[in-house]
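# Working through the structure, step by step
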Amino acid sequence: QVQLVESGGGLVQPGGSLRLSCAAPGSIFSINIMGWYRQAPGKQRELVARITRIGSTNYADSVKGRFTISRDSAKNTVYLQMNSLEPEDAAVYYCNTVPPLPGSWGQGTQVTVSS
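Treat the numbers as computed from the prediction; the structure is a model and nothing was measured.

Rules behind the numbers
Residues numbered from 1 in each chain as written. Predicted model: local features only at pLDDT ≥ 70, side-chain atom pairs only at ≥ 80, totals over all residues. Heavy atoms only, no water. Phe/Tyr/Trp six-rings, centres within 6.5 Å; stacked < 30°, edge-to-face > 60°. Helix = DSSP H or I, 4+ residues; strand = E, 2+ residues; numbered from the N terminus. Buried < 20%, exposed > 50% of the residue type's maximum accessible area, 1.4 Å probe, protein only. Lys NZ or Arg CZ within 6 Å of the ring centre and 35° of its normal. Core = buried A, V, L, I, M, F, W, Y, C linked by side-chain atoms within 4.5 Å. Contact = heavy atoms within 4.5 Å. Pairing = 2+ DSSP bridges. Axes fitted to C-alpha atoms, helices over the stretch in contact; angles between N-to-C directions.

### Let's talk about the packing of aromatic side chains
- Inspection of the entire model under this criterion finds two aromatic pairs.
- Between the aromatic rings of Y37 and W105, the centroid separation amounts to 5.0 Å while the plane-to-plane angle is 80°, which identifies the pairing as edge-to-face. Here Y37, found in strand β4 (residues 34-39), pairs with W105, found in the loop between β9 (91-97) and β10 (109-113); they are 68 residues apart in sequence, far enough to count as distant. Taken as a pair, Y37 and W105 share a single burial class, namely buried.
- On the basis of an interplanar angle of 85° and a centroid distance of 5.8 Å, the ring pair of Y94 and W105 is categorised as edge-to-face. Pair noted here: Y94 is in strand β9 and W105 is in the loop between β9 and β10, with a separation of 11 residues, a long-range link. W105 shares its class with Y94; the two are buried.
- Above the face of the Y79 ring, R19 is positioned so that its terminal group lies 4.0 Å from the ring centre.
- Residue placement shows R45 over the ring face of W105; its charged tip is 3.9 Å from the ring centre.

### A closer look at the nonpolar core
- Of all hydrophobic cores here, the largest spans 27 residues; its most connected members are M34, W36, V78, L80, M82 and Y93.
- For this core, the secondary-structure elements that each account for two or more residues are β3 (18-23), α1 (26-29), β4, β5 (46-51), β7 (67-72), β8 (77-82), β9 and β10.
- Residue contacts for Y93: discarding those within four places in its chain leaves E6, L20, W36, Y37, R38, F67, L80, M82, G108, T109 and V111.
- One finds Y37, V92, Y94 and V98 within the second-largest nonpolar core, a separate group that totals five residues.

### Let's talk about the sheet that holds strand β1 (residues 5-7)
- Across the sheet, which stays open at both edges, the four strands sit in the order β1-β3-β8-β7 with antiparallel pairing between neighbours. Here the strands that pair on one side only, and so sit at the sheet edges, are β1 and β7. Recorded for the sheet is a direction-independent mean angle of 15° between the axes of neighbouring strands.
- Both β7 and β8 contribute to a ladder of six bridges, which runs antiparallel. What sits directly across from I69, in β8, is L80.

Below you can see the structure in the form of structure tokens.
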């Protein structure tokens, strides 16, 4: 299985913004729904946003109105724009297909929200 590569995480103050990126092989990106997941310490991994091949999107209630998922087919890249970040958004963020390919989890990118 090919792993996906996430980037763009970091430390941000509450109310701040970050943009995450995920590069995926074309064989995965072109035929699947892509999603962003997150896992906070002591919690299960959860799907926070997903996007279809034609750009239809869905969001978890906890991020609706604050996060925006998008995809660039020319670059085989999926993005997650995160605005109005809250301490509860702190987690390791991963991208994968929806449903996820078990062997394709990458290292994730850490998002820390703290003043």
